[in-house]
Amino acid sequence: MNCFLIAADRGEARVQALARLAQGLGYTVLYAADFAALHRNRAFMEARRPLVLVPEGQGATEGAIQLARMEPSRAFVVYVAEALAPDLYKSLVRSQSGEWIGWDNAAQELRDVTKGLGATEPADRNARIVSFLPSKGGVGNTTLTVETGIRLSSQRKQPLRVALLDLNLQGGTLADALDVEPRFDIGEIVAQPERLDEQLVDVFTSRHTPRLDIFACPPRHIAFGDVPPAILFTFIDTIARRYEAILMDLPKVWVPWIDNILQGSDAVVVCGGATVPALRVLTQSLAHLDTLEIPAERLAVAVNACETDLLGRITNQAQIERPLSGRSVFCLRRDPATANGALDAGRSLFEIAPNARLTHDIGRLAEWCGTAAKLA
Ligand SMILES: Nc1ncnc2c1ncn2[C@@H]1O[C@H](COP(=O)(O)OP(=O)(O)OP(=O)(O)O)[C@@H](O)[C@H]1O
Ligand SMILES: [Mg+2]
């Protein structure tokens, strides 16, 4: 695994320290005197997803941002500096191909940001799959997928490399929920399946954080029937080598391959609402899942947007849970202000409302996902 270090003077103490850190992470360090030299370097030009380390220095900030923003962004650029102005930091991170780390804690931070580089550090086993299945539209399936992904990828004890895959191939909202540009143009592999390789996966990836990637389709007219399931499964197998967990946001319209995905999942969360009609369709979905013989310990039911009393306790919890007895049930509170606030901001509830009761409810569900899928 090569890493490219931009340094006019290789003998400089900080440059040497950085090289040692990269070597400690298993990289072979190759030097380039500046960005122009980097682009003349054949090893760099032929690398699939090269890591480029840029220590602060004259022209380094601009060079790092420019390199990270280059389309299609092949390189992952880590800029190392004491400080970085917020607007420059934003430009670097929004490129989805750059990060800034400080000198003080460079060893830990470099390990963290490169851990997310699936392409440079392949997972030692295939990803576990967690599927989120809506029993009807608008029950918060996307919200729960996103929040669980954020939680698993940022948990303090053992942060995981996570991919969120939006299988609402038409009009999915997952990318919007995290304010990233959707890049998974599945029509391109349907038209030319032979083009599916690691480099194309890089192009399809929207990076939210170094440990959380998103695969969501740009708005484009593609019918479910036009996507051969084999192509979808090959794509999932290809990305499964890069992550520890893949979270699927499944569509509410049923197509036969959804059953295959559910049966191949390590954990399944069925999402529903708490009203009487919503609970009825939820039990219908569960009856269908029972025919697929998904083991009970791998299946959870998320009853979302439950009404609460003045003390914030869920009302009618017993009635909600009665038809679901014998199953792992998670009742999540109704809190439109917090849920919609996060959606409008394109950020997660864990980020903007870490202390909200709804956030805690979702935290418990995310914890179950980690345990059921044996991710913990
Ligand atoms: N617990 C909750 N309380 C109140 N509002 C919620 C809750 N969870 C989600 N919402 C809101 O419900 C709406 C639908 O959420 P979301 O998009 O996650 O649902 P979905 O099941 O994925 O919908 P779709 O069928 O469109 O894919 C959003 O406005 C979201 O903010
Ligand atoms: Mg959705």
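All of the points below concern the structure found in this document. Not measured: the values here are computed from a predicted model. (Residues numbered from 1 in each chain as written. Chains lettered and ligands numbered in written order. Predicted model: local features only at pLDDT ≥ 70, side-chain atom pairs only at ≥ 80, totals over all residues. Heavy atoms only, no water.)

**Observations regarding the layout of surface pockets**
Now for step 1: Volume-wise, the largest pocket comes out at about 810 Å³.
Now for step 2: Looking at the lining of the largest pocket, the elements that each hand over two or more residues are helix 7 (141-154), strand 11 (267-273), helix 13 (276-291), strand 12 (299-306), helix 15 (336-345) and helix 17 (357-372).
Now for step 3: Class assignment for the residues of the lining of the largest pocket results in 17 nonpolar, 16 polar and 6 charged.
Now for step 4: Taken together, 22 residues line the second largest pocket, and the ones lying closest to its centre are Val93, Arg94, Leu178, Asp179 and His208.
Now for step 5: Each residue belonging to the lining of the second largest pocket can be placed in one class, and the counts come to 8 nonpolar, 5 polar and 9 charged.
Now for step 6: The two domains that each donate at least three residues to the lining of the second largest pocket are domain 1 (2-115) and domain 2 (128-372). (1 Å grid on protein atoms, 1.4 Å probe; cavity = no way out; pocket = protein on both sides within 12 Å on 5 of 7 lines; lining within 4 Å. Points joined across faces, edges and corners; volume = space filled by probe spheres on them. Helix = DSSP H or I, 4+ residues; strand = E, 2+ residues; numbered from the N terminus. Nonpolar A, V, L, I, M, F, W, Y, C, P; charged D, E, K, R; others polar. Domains from an automatic or database assignment.)

**Observations concerning the site of ligand 1**
Now for step 1: Thr142, Thr143, Asn304, Arg333 and Asn340 are the nearest of the 18 residues found near ligand 1.
Now for step 2: Asparagine 340 is positioned with one of its side-chain polar atoms (N or O) 2.6 Å from an oxygen atom of ligand 1.
Now for step 3: Burial of ligand 1 by the protein chains amounts to 78% of its free accessible area of 640 Å².
Now for step 4: One can see that ligand 1 is located within the largest pocket.
Now for step 5: Elements with a minimum of two residues in the shell around ligand 1: helix 7, strand 12 and helix 15.
Now for step 6: Sort the elements by how many residues they give to the shell around ligand 1 and helix 15 lands first, with 4 residues.
Now for step 7: A class-by-class count of the residues in the shell around ligand 1 yields 6 nonpolar, 8 polar and 4 charged. (Near = heavy atom within 4 Å. Polar contact = N/O pair within 3.5 Å; in protein donor to acceptor, adjacent residues only side chain to side chain. Areas by Shrake-Rupley, 256 points an atom, 1.4 Å probe, with all protein chains shown as cover. Sits in = over half its atoms within 2 Å of the grid points.)

**Looking at the sheet that holds strand 3 (residues 51-55)**
Now for step 1: Read from one edge of the open sheet, 5 strands run 2-1-3-4-5, paired in parallel fashion. Where the open sheet ends on each side, the last strands, each with one partner, are strand 2 (28-32) and strand 5 (98-101). The average undirected angle you get between the axes of adjacent strands in this sheet is 25 degrees.
Now for step 2: The pairing of strand 4 (residues 76-80) with strand 5 spans 4 bridges and is parallel. (Pairing = 2+ DSSP bridges. Axes fitted to C-alpha atoms, helices over the stretch in contact; angles between N-to-C directions.)

**Regarding empty space enclosed by the protein**
Now for step 1: Taken as a whole, this structure holds 3 cavities of 30 Å³ or more when the rule is applied.
Now for step 2: Taken as a whole, the second largest cavity holds about 80 Å³ of empty space.
Now for step 3: Lining the second largest cavity we find Thr142, Thr143, Val146, Glu147, Ala177, Ala339, Ala342, Leu343, Arg347 and Leu349.
Now for step 4: Sorting the residues of the lining of the second largest cavity by element identifies helix 7 and helix 15 as the ones contributing at least two each.

**Regarding the sheet that holds strand 12**
Now for step 1: Taken in spatial order, the 8 strands of this open sheet run 8-9-7-10-6-11-12-13, and their pairing is mixed. The open sheet terminates on both sides in strands that have one partner only, identified here as strand 8 (206-209) and strand 13 (328-333). Neighbour-to-neighbour, the strand axes of the sheet open up by a mean angle of 20 degrees, direction not taken into account.
Now for step 2: The sheet contact formed by strand 11 and strand 12 spans 6 bridges and is parallel. Each residue of the ladder has a partner; that of valine 269, found in strand 12, is alanine 300.
Now for step 3: Helix-sheet contacts for helix 17 involve strand 6 (128-134), strand 11, strand 12 and strand 13, and the interaxial angle to strand 13 is about 155 degrees. (Contact = heavy atoms within 4.5 Å.)

**Concerning the state of the cysteines**
Now for step 1: One pass over the full model with this rule turns up 0 disulfides.
Now for step 2: Cysteine cysteine 306 remains unbridged, with the sulfur of cysteine 331 as its closest cysteine sulfur at 4.3 Å.
Now for step 3: For cysteine 331, a relative accessible area of 11% translates into the label buried. (Disulfide = S-S within 2.5 Å. Buried < 20%, exposed > 50% of the residue type's maximum accessible area, 1.4 Å probe, protein only.)

**As for unusual backbone geometry**
Glycine aside, the phi torsion of most residues is negative, and most peptide linkages are trans.
Now for step 1: A positive phi angle, near 55 degrees, is found at glutamate 293, a position not held by glycine.
Now for step 2: By the secondary structure assignment, glutamate 293 is in the loop between helix 13 and strand 12.
Now for step 3: Given a relative accessible area of 68%, glutamate 293 falls into the exposed group.

**Focus: the packing of helix 7 against helix 17**
Now for step 1: Between helix 7 and helix 17, the least distance of the axes is 9 Å, while the angle of their chain directions is 70 degrees. Considering the angle they form, helix 7 stands roughly perpendicular to helix 17. Helix 17 is crossed by helix 7, and the crossing has right-handed handedness. Packed against helix 7, whose contacting residues are Leu144, Glu147, Thr148, Arg151 and Leu152, the element helix 17 presents Ile362, Gly363, Leu365, Ala366, Cys369 and Gly370 at the interface.
Now for step 2: For the contact of helix 7 with helix 17, the per-class residue count stands at 6 nonpolar, 3 polar and 2 charged. (Parallel < 35°, antiparallel > 145°, perpendicular 65-115°, else oblique. Left-handed = near helix turned anticlockwise from the far one by under 90°.)

**Examining the packing of helix 11 (residues 229-240) against helix 12 (residues 256-263)**
Now for step 1: It is at 10 Å that the axes of helix 11 and helix 12 come closest, and there the two elements cross at 25 degrees. Our classification of the angle between helix 11 and helix 12 gives roughly parallel. As helix 11 runs across helix 12, the sense of the crossing is right-handed. Along its contact with helix 11, which presents Pro229, Leu232, Phe233 and Ile236, the element helix 12 presents Trp257, Asn260 and Ile261.

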